[in-house]
Amino acid sequence: MEPIDSLRYAHTSPAEVRKLIRAGKIDYFTSGMSQGYAQANLVILPKDLAYDFLLFTQRNPKSCPVLEVSDVGSRTLKHIAKDADIAKDLPKYRVYRYGVLEGEYTDVEQFWQDDFVSFLIGCSFSFESEMLEAGLSVRHIEENKNVPMYITNIDCVEAGIFKGKTVVSMRPLPHKDIVKAVTVTGAMPKVHGTPIHIGDPAAIGIRDLSRPDFGDAVTIKDGEVPVFWCCGVTPQSVVMNVKPPLVITHAPGHMFITDVKNVQLKD
C-alpha cells in the first residue's frame with residue numbers, strides 16, 4: 001500500500017485518484033487530494049429510509065448539503081462524477097447494522113442491495129483548497145493527519161426516524177485570520193459554509209480537543225483559536241443514535257472525490 005501522503009495527489013485529477021482508490025493503491029484520508037475539486041461524504045441506505053433521510057438533509061442543510069442523490073439501486077452518478085462506482089471509489093467505508101459499526105472496508109460491493117439509495121453530501125475538505133489559496137493555515141494538512149471531528153451537544157432538526165447530535169470539524173487559526181476564514185468558507189454554503197462556532201469548545205459540549213471522536217488531534221499553537229464547522233459525519237452520529245438495520249457510510253476523512261470544481265459550489 002502507498003505511504004500516507006495525500007499531498008502527493010494534490011494535482012492529480014479526480015478520475016485518476018478514483019482509479020487508484022478502486023485499484024487498492026490509496027486507502028487513507030483524502031484531504032489535500034485533487035485540490036480545487038469538491039469532495040463528498042457518503043450515506044447509503046435502503047429506499048424505505050431514503051425519504052426520511054432526504055427530509056433530514058433538507059432540515060439540516062449546514063451539516064448535510066446534498067450534492068447528488070443516486071437512482072435506486074444504481075452504483076453510478078449522473079452529475080458530480082463520470083464513470084464512478086459508489087461501491088468501490090472511496091478509500092474506506094463503514095458498515096453499520098442497527099447502529100453498531102460492523103466493520104470498515106475498502107470495497108462494499110459484497111453488501112450491495114438493489115434498493116440502495118446513495119446520498120453524496122458536501123464536505124469541508126472542499127473549502128480547504130480555498131483556505132490555502134487565501135494564505136490560511138490548515139493544520140491537519142500541514143501535519144499530514146485526518147481532520148479532527150467532534151460530536152457536539154447541538155441537536156439536529158428531527159425528520160422521521162432521524163435525530164441526533166451535530167458533528168463538527170475543527171481547524172485552529174490565529175485571531176487575525178478568523179474573519180478571512182469566515183469570508184472564504186461562507187462563499188461555499190454547499191460544503192458547510194461559515195463556521196458554526198468559534199472559541200470555547202465546552203460551549204458546544206466538547207470536553208477535550210486532544211481526544212476527537214473521529215480523525216486525529218492536531219497542534220493548537222499559542223494565540224490560536226479553535227474554529228468549528230458543521231461536518232458531514234453528522235449522519236453517522238445520527239445512524240448510531242437511531243439504529244436502522246443497515247447503513248453504509250464513508251469512513252471519516254475518506255471521501256468521494258468528485259469532478260465538480262470548488263468554484264462551481266460558490267454562491
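Residues numbered from 1 in each chain as written. Predicted model: local features only at pLDDT ≥ 70, side-chain atom pairs only at ≥ 80, totals over all residues. Heavy atoms only, no water.

Novice: Explain the packing of aromatic side chains to me, please; I cannot follow it from the model alone.
Specialist: Centre distance and the angle of the planes are the two values used to describe a pair of aromatic rings. A complete count under the given rule lists nine aromatic pairs for this structure. Consider the rings of Y28 and F29, whose centres lie 6.5 Å apart with planes at 75°: the pair is edge-to-face. Per residue, the accessibility class of Y28 equals that of F29, and both read buried. Relative to F116, the ring of W112 has its centre 5.2 Å away and its plane inclined at 85°; by these criteria the two rings are edge-to-face. F116 matches W112 in its accessibility class, with the two residues each being buried. For the cation-ring pair, R75 lies above W112, with the distance from its terminal atom to the ring centre recorded as 6.0 Å. (Phe/Tyr/Trp six-rings, centres within 6.5 Å; stacked < 30°, edge-to-face > 60°. Buried < 20%, exposed > 50% of the residue type's maximum accessible area, 1.4 Å probe, protein only. Lys NZ or Arg CZ within 6 Å of the ring centre and 35° of its normal.)

Novice: Any chance you could explain a nonpolar patch on the surface here in plain terms?
Specialist: Among the surface-exposed residues, L54, V66 and V69 lie close enough to one another that they form a single nonpolar patch of about 180 Å² accessible area. Mapped onto the elements of the fold, V69 is located in strand β2 (residues 66-69). (Patch = residues over 30% accessible without salt bridge, like charges linked within 9 Å, V, L, I, M, F, W, Y side chains within 5 Å. Areas by Shrake-Rupley, 256 points an atom, 1.4 Å probe, with all protein chains shown as cover. Salt bridge = Lys/Arg side-chain N within 4 Å of Asp/Glu carboxyl O. Helix = DSSP H or I, 4+ residues; strand = E, 2+ residues; numbered from the N terminus.)

Novice: Honestly, the nonpolar core in this entry has me stumped. Any pointers?
Specialist: The tendency in soluble globular proteins is for nonpolar side chains to be buried as a group. I86, L120, M131, I248 and F256 are the most contacted members of the largest nonpolar core, which totals 38 residues. Counting only elements with at least two residues in this core, the list comes to β1 (37-46), β3 (93-97), β5 (116-122), α3 (125-133), α5 (178-186), β9 (224-230) and β11 (256-261). In terms of residues, this core owes the most to one element, β1, which gives four residues. Discounting chain neighbours no more than four positions away, the residues touching L120 are A40, N41, L42, P65, V66, L67, E68, L77, I80, I86 and F256. The next biggest cluster of nonpolar side chains, apart from the first, holds 19 residues, and it includes F119, V238, V239 and V242. (Core = buried A, V, L, I, M, F, W, Y, C linked by side-chain atoms within 4.5 Å. Contact = heavy atoms within 4.5 Å.)

Novice: When you look at the sheet that holds strand β8 (residues 197-198) in this model, what are you seeing that I'm missing?
Specialist: Hydrogen bonds between backbone groups are what pair the strands of a sheet, and the pairing can be parallel or antiparallel. Spatially, four strands are ordered β6-β7-β9-β8 in an open sheet, and the strand pairing comes out antiparallel. In the strand order of this sheet, the two ends are held by β6 (149-155) and β8, each with one partner. As paired elements, strand β7 (residues 165-174) and β9 share seven bridges and run antiparallel to each other. Considered in β9, the bridge of P172 is made with P226. Together, β7 and β9 form the strand contacts of α3, whose direction differs from that of β7 by roughly 15°. (Pairing = 2+ DSSP bridges. Axes fitted to C-alpha atoms, helices over the stretch in contact; angles between N-to-C directions.)

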